[in-house]
Each structure stands twice: as structure tokens, then as C-alpha cells.
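# Examination of the molecular architecture
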Amino acid sequence: MTEYKIFPGCMIGNRIPFIEAACRKVLSRLGVQMSDAPFSCCPDPTGFANFDNDGWLAMGARNLALAEAEGKDILSLCNGCSNTLRLVNHALKHDNLKKDKINKELAKIGKNYRGAIDVKHFVSVLKDNLDIIRGAMTKSLSGLRVACHPGCHYMRPSEVMETDDPMHPKDLKEIVKAAGATVVDYEEEVLCCGSSVSNAFEEHGKAILQKKMNSIKNAGVDCIVVNCPSCFQQLDGNQRGLDGDINIPILYITELLALGMGIPSDEIGMRFHRTRVNPVVEKLG
Amino acid sequence: MRGLNQQQKKKKKKKKKKIGKPNQKKTHVKKMLSQDFEFRKKVMDMHMGVGELIKYCYTCSRCTDNCPVSAVTDNAYDPRSNIFLSISGLKGVLDAQPPIAVWGCTVCDTCDEVCPQSIELTEIFKLLKNESVKKGDAPEHYYLQAKAIFDSGKAIPPQPAIERRREQLGLPPVVVPDTNEVSTLLRNMGAASKLK
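Residues numbered from 1 in each chain as written. Chains lettered and ligands numbered in written order. Predicted model: local features only at pLDDT ≥ 70, side-chain atom pairs only at ≥ 80, totals over all residues.

When you go through chain A residue by residue, the secondary structure sums to 16 helices and eight strands. A compact globule built from 285 residues should have a C-alpha radius of gyration of about 19 Å, and chain A, at 19 Å, falls within 12% of that. Along the three orthogonal principal directions, the C-alpha set of chain A runs to about 55 × 45 × 30 Å. Within chain A, the proportion of its 285 residues that are buried is 57%. In chain A, the proportion of contacts linking residues at least 24 apart, taken out of those at least 6 apart, comes to 78%. (Helix = DSSP H or I, 4+ residues; strand = E, 2+ residues; numbered from the N terminus. Rg over C-alpha atoms; globule rule 2.2 N^0.38 Å. Buried ≥ 20, exposed ≤ 12 C-beta atoms within 10 Å, placed from the backbone. Contact = placed C-beta atoms within 7 Å.)

Below, the structure is given as C-alpha cells:
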């Protein structure tokens with residue numbers, strides 16, 4: 001497989017490193033080659049972009065330029081990072097005036113971006129290699145009931161993210177199925193996790209999360225899989241404060257795959273979850 | 001009767017002038033209703049769509065009806081109102097109160113997908129928030145995150161406890177960016193001047 005510049009992002013790298021551990025292990029087992037680069041914050045499409053759009057564009061362009069200088073595409077482990085980097089890439093590729101303006105600033109720090117690379121979300125790479133995933137499973141996940149939460153920025157805005165469907169996403173489900181588990185549909189599947197609005201208005205983020213979790217609880221599942229660290233933090237960290245005694249394990253999709261590949265849960269730091277993941281780990285024996 | 005009422009109103013007005021209290025509600029409405037063409041141009045420039053111009057909003061309300069924040073705030077956050085006022089160049093939208101009226105957007109991009117006119121609402125909301133930051137009106141979180149990025153190049157700076165955990169997990173150290181490059185870029189783009 002192609003070699004990528006891996007882009008873990010601030011939240012995974014500097015707050016939830018066990019997600020990075022599972023991602024690196026699983027991706028390299030599947031044959032994905034990765035190398036690091038001195039990337040900065042992507043920057044945050046729900047935070048810094050709202051602070052200053054021009055600065056956000058320029059910093060995003062710097063990150064793209066670093067990968068382009070090595071002739072590699074970027075592989076992102078996070079919805080927010082892939083959203084920013086794809087949005088910036090899209091803007092610069094389609095607007096020459098904007099590109100010239102940004103390149104003038106990049107030149108002052110010795111960089112340049114031509115617009116020659118692509119940015120991939122790791123889920124889109126996994127979904128293109130379902131047969132390899134099937135072949136890598138050593139444990140049966142049969143009977144494990146899984147709810148999928150792909151998260152807003154995996155698929156929207158659709159003309160930039162270019163996934164299968166912005167309102168009825170299937171990519172993550174296909175991966176869960178390929179791993180051998182059972183996908184359980186629920187009503188609020190495309191509902192936001194509420195993470196971003198929580199930055200300023202915690203109570204409203206919580207109200208959105210409550211809606212989402214009620215819907216998942218009604219569907220009856222063993223765990224929820226996600227592919228974004230912000231969603232992970234919102235679902236795993238803030239479940240405890242909700243009404244209705246909700247306690248559903250949250251797994252990064254790569255954690256589920258790791259368990260299916262027989263990688264011990266200790267090796268990927270699953271004990272650091274806030275929700276109790278033991279029931280899932282035990283169920284898979 | 002009518003004449004009397006008007007006289008009474010005039011008296012009231014005079015009284016208020018004497019005390020020196022401006023009629024806040026009226027000032028706000030006036031601001032709401034005055035078009036600012038420079039602001040309107042900025043709104044139009046946020047449109048990224050390739051090869052097509054921004055279209056009109058006919059206030060169908062699909063954005064607000066599908067907005068997860070509107071749903072839990074009884075429309076205190078109302079994308080339809082924000083987009084209609086913005087496209088009309090009514091800069092007073094930035095003064096709407098309470099703060100959630102501008103900052104309630106959770107950036108889920110749902111409205112962009114359901115808009116029958118393909119208006120890129122989230123891009124325009126981003127502009128509103130950028131302008132609000134300039135006025136110093138943004139929630140504290142946004143200034144703090146920007147400061148962290150300016151200082152360390154990362155929204156979440158490295159922490160010793162996490163670095164130890166990375167080691168336990170057998171992960172390589174985080175490759176740090178050249179913070180000088182990042183801060184130079186942000187200074188030159190004008191973002192640094194908005195920090196508090």
C-alpha cells in the first residue's frame with residue numbers, strides 16, 4: 001500500500017494517545033505505511049476557523065506543504081483534521097487568487113504549496129481494503145451488536161469530504177461488518193455528538209448527546225464505534241452525567257479491529273477509557 | 001386623544017434625553033435594519049461553490065428545522081434568521097442577543113446539506129463568528145484555544161503526563177512543529193492581533 005504522512009492531530013497525540021496506539025498497530029498490520037512530519041494543529045475547524053479564517057487557511061496550507069514537499073498524501077486519524085485539511089486543500093485547488101495570497105505568506109517561512117496532494121481519512125482507506133480487513137481477523141466478533149457514529153465531519157460538507165453519503169453514511173458500517181460484528185441501526189445516527197457547541201454552551205451539548213444516547217440505548221447495543229477523537233471524548237467522557245443510567249462502551253473503530261486481530265486490550269491502553277469496556281473485551285474472550 | 005398621546009410621547013422622549021439614556025432597543029433595531037454593503041460583500045465572498053454564484057434564501061426554514069442546536073434551545077439559535085439577515089447585508093445580526101444567537105452553531109454542516117438553494121451556511125456562520133471575535137464578543141474558549149495555537153502550534157499543547165503515557169504505550173514522541181513558523185504566519189495573516 002501507499003506510504004502516507006500520518007496526521008494524528010492535537011487531541012489524539014496530546015490527550016488521547018491510546019487511540020493513536022490502536023490506529024498505528026491496526027494500520028500497519030493491514031500494510032499501511034506511515035511516517036511522521038512536524039505538523040502543527042490542523043487547525044480545529046470548529047474552533048480556530050471560527051476565530052480567524054485567514055490564519056486557519058494559512059496554517060492548514062503549511063501542513064499540506066510539509067507533506068507535499070515529501071511527495072506524500074496525508075492520512076488523518078481524526079474527523080476534524082481531515083475536515084480542515086480537505087477544506088483548505090479544496091479552497092486552494094479551486095481558487096488561484098487565494099492560493100497566490102497564501103503562498104506569498106508561506107514563502108516568508110520558506111514553504112510553498114502547489115496543490116498536488118490528497119488528504120485521506122483513515123476510515124476511507126479502511127473501507128477501500130475490506131478484504132484485507134477480513135483476512136486479518138483472528139477472533140470472531142459474531143453476535144457483537146454495534147452502533148456506528150461516524151460523526152459530522154467525516155461526511156460533511158459532502159462536496160469536499162466526498163464520502164458515500166452525507167446523510168446516510170455506510171462506510172463505517174461496512175468496516176464493522178467486514179470485522180464480523182453486527183451493525184445495529186438507530187434513529188439518531190447522523191445527529192451531531194454536541195462536542196463543538198459544548199465549548200461555549202455545555203448544557204446544549206449535553207442535551208444533544210442525551211438525545212443521541214437515548215436513541216442508541218433503545219436500539220440495544222454492546223458498544224458504539226466512532227472515528228473521531230472529539231466525538232470519542234464527548235461520548236466516552238460525558239455519558240456519566242446523562243439521565244437514564246446510560247453506560248455503553250465507546251470504542252474507536254481501530255480498537256474494535258485490534259481486538260478482532262487478537263491484539264491484547266492492554267497493549268492499546270483500553271483501560272484508560274471512561275466507560276467500562278470490559279464487557280466487550282470479555283465477550284470477545 | 002391621538003394628539004395627546006403624541007405630546008406625551010414627546011415629553012417622554014425629552015425626559016430621556018435629559019437623563020441621557022439612549023433607547024437601547026431602538027438603536028438595536030436601527031442597526032439591524034441598516035444595510036452594510038461591505039459586510040454583504042464579505043458574506044458573498046465566503047461562498048466556495050465552484051462555478052456558481054450564491055443564491056437567494058427564501059427562508060424555507062429547512063436549516064432551522066434540521067439544526068440540532070435549534071432543537072434543544074427552542075430556536076434561541078436560529079440559522080434561518082442569521083442567514084437571511086447576513087445575505088441581506090444587515091450587519092446588526094452580529095449584535096443579536098444572547099450570545100448563543102451567533103455562537104450556537106455546532107459546525108455539524110447539516111444545514112449545508114439540506115438547503116434547497118445550496119447556500120453554504122456554515123461558511124457564512126464562520127464569517128459571523130470571525131467578526132464577533134474581532135469585536136471581542138466571542139466566548140472565552142475561542143481566545144484560549146487561539147492563544148494555545150499561537151504559543152505552541154497546537155490547540156492542545158504537550159503535557160508531561162501524556163508524554164509518559166505515550167511511552168508506556170510504545171508510541172514515538174510527538175513530532176513538534178516549528179512554533180516560530182506558526183506564529184510568524186499567524187502574525188502576518190492578522191490573526192495574532194485578535195488575541196486577548
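Across the contact, 54 residues belong to chain A and 54 residues belong to chain B. Mapped by element, the contributors of at least two residues to the side of chain A that touches chain B are α1 (10-14), α2 (17-29), α3 (48-51), α4 (53-69), α5 (79-94), α12 (195-198) and α13 (202-219) of chain A. It is α4 of chain A that provides the largest number of residues to the side of chain A that touches chain B, a total of six residues. Partitioned by chemical class, the residues of the side of chain A that touches chain B number 29 nonpolar, 15 polar and ten charged. (Nonpolar A, V, L, I, M, F, W, Y, C, P; charged D, E, K, R; others polar.)

Let us now look at α2 of chain A. Residue and element names in this part refer to chain A. In this model, α2 (13 residues) spans 19 Å end to end at C-alpha, consistent with the 18 Å of a helix rising 1.5 Å per residue. Along α2, eleven of the 13 residues are buried, which leaves the element largely enclosed by surrounding structure. Just downstream of α2 lies glycine 31, where phi reads positive at about 95 degrees. (Expected span 1.5 Å × (residues − 1).)

Attention now moves to the nonpolar core. Residues and elements named next belong to chain A. With 129 residues, the main nonpolar core has Ile224 and Val225 as its most contacted residues. Sorting elements by how many residues they give to this core places α4 first, with eight residues. Apart from residues lying up to four places away in sequence, valine 225 is in contact with Val146, Cys148, Leu172, Val176, Leu251, Ile253 and Leu256. (Core = buried A, V, L, I, M, F, W, Y, C linked by C-beta atoms within 7 Å.)

Glancing now at the environment of lysine 147 of chain B. Residue and element names in this part refer to chain B. By the secondary structure assignment, lysine 147 is in helix α10 (residues 140-152). Exposure remark for lysine 147: the 14 C-beta atoms within 10 Å place this residue in the partly exposed category. Considered as a pair, lysine 147 and arginine 187 are 40 residues apart in the sequence and their alpha carbons are 12 Å apart.

With that out of the way, let us pick up the domain arrangement of chain A. Residue and element names in this part refer to chain A. Under the domain assignment used here, chain A contains domain 1 (3-122) and domain 2 (138-283). Between the C-alpha centres of domain 1 and domain 2 the distance comes to 24 Å. The interface is formed by 23 residues belonging to domain 1 together with 24 residues belonging to domain 2. Counting only elements with at least two residues in the side of domain 1 that touches domain 2, the list comes to α1, α2 and α5. Residue contributions to the side of domain 1 that touches domain 2 peak at eight residues, all from α2. Across the side of domain 1 that touches domain 2, the residue classes tally to twelve nonpolar, eight polar and three charged. (Domains from an automatic or database assignment.)

The next point concerns helix α6 (residues 96-107) of chain A. Its twelve residues place the ends of α6 of chain A 16 Å apart at the C-alpha level, agreeing with the 16 Å of an ideal helix rising 1.5 Å per residue. Buried within α6 of chain A are the following residues: Ile102, Glu105 and Leu106 of chain A. Buried residues of α6 of chain A fall within an arc of 100 degrees about the axis and therefore sit on the same side. Exposed positions of α6 of chain A whose direction lies more than 90 degrees from the buried face are Asn96, Leu97, Asp100, Lys104 and Ala107 of chain A. Looking at the buried residues of α6 of chain A, the elements they touch are α4 and α5 of chain A together with α12 (179-189) of chain B. (Arc of directions from axis to C-beta.)

Our focus in this paragraph is the pairing of strand β5 (residues 145-149) of chain A. Residues and elements named next belong to chain A. Among the five residues of β5, four are classified as buried, and the element is accordingly described as predominantly covered. Across two bridges, the pairing between β5 and strand β6 (residues 182-183) is parallel. Bridge pairing links valine 146 to valine 183 in β6. Examined bridge by bridge, β5 and strand β7 (residues 223-226) share four bridges and lie parallel to one another. Bridging across to β7, histidine 149 finds its partner in valine 226. (Pairing = 2+ DSSP bridges.)

The general pattern is negative phi for most residues beyond glycine and trans for most peptide bonds. Between cysteine 42 of chain A and the following residue, proline 43 of chain A, the backbone shows a cis peptide bond with an omega angle of -5 degrees. Structurally, the position occupied by proline 43 of chain A is in the loop between β2 (33-35) and α3. Following glutamine 97 of chain B, the chain continues to proline 98 of chain B via a peptide bond in cis, the omega torsion being -5 degrees. Take proline 98 of chain B: it is sitting in the loop between α6 (79-87) and α7 (100-103). The phi dihedral of aspartate 245 of chain A falls on the positive side, at around 50 degrees, and the residue is not glycine. Locating aspartate 245 of chain A in the fold gives a position in the loop between α14 (229-237) and β8 (250-252). A residue is classified by how many C-beta atoms lie within 10 Å of it, and aspartate 245 of chain A, with 6 of them, is exposed. A positive phi is found at serine 61 of chain B, a non-glycine position, where the angle reads about 80 degrees. Counting through the fold element by element, serine 61 of chain B comes out in the loop between α3 (37-45) and α4 (62-66). On the neighbour-count criterion, serine 61 of chain B (16 C-beta atoms within 10 Å) is partly exposed.

Here we take up the domain arrangement of chain B. The domain architecture assigned to chain B consists of domain 1 (26-137) and domain 2 (139-196). Summarising the inter-unit geometry, the C-alpha centres of domain 1 of chain B and domain 2 of chain B are found 30 Å apart.

Residues and elements named next belong to chain A. Where strand β1 (residues 3-7) lies against strand β3 (residues 73-76), four bridges are found, and the strand directions are parallel. Residue pairing for β3: phenylalanine 7 is matched across the bridge by serine 76. As paired strands, β3 and strand β4 (residues 119-121) are joined by three bridges and run parallel to one another. Within β4, the position partnered with isoleucine 74 by the bridge is valine 119.

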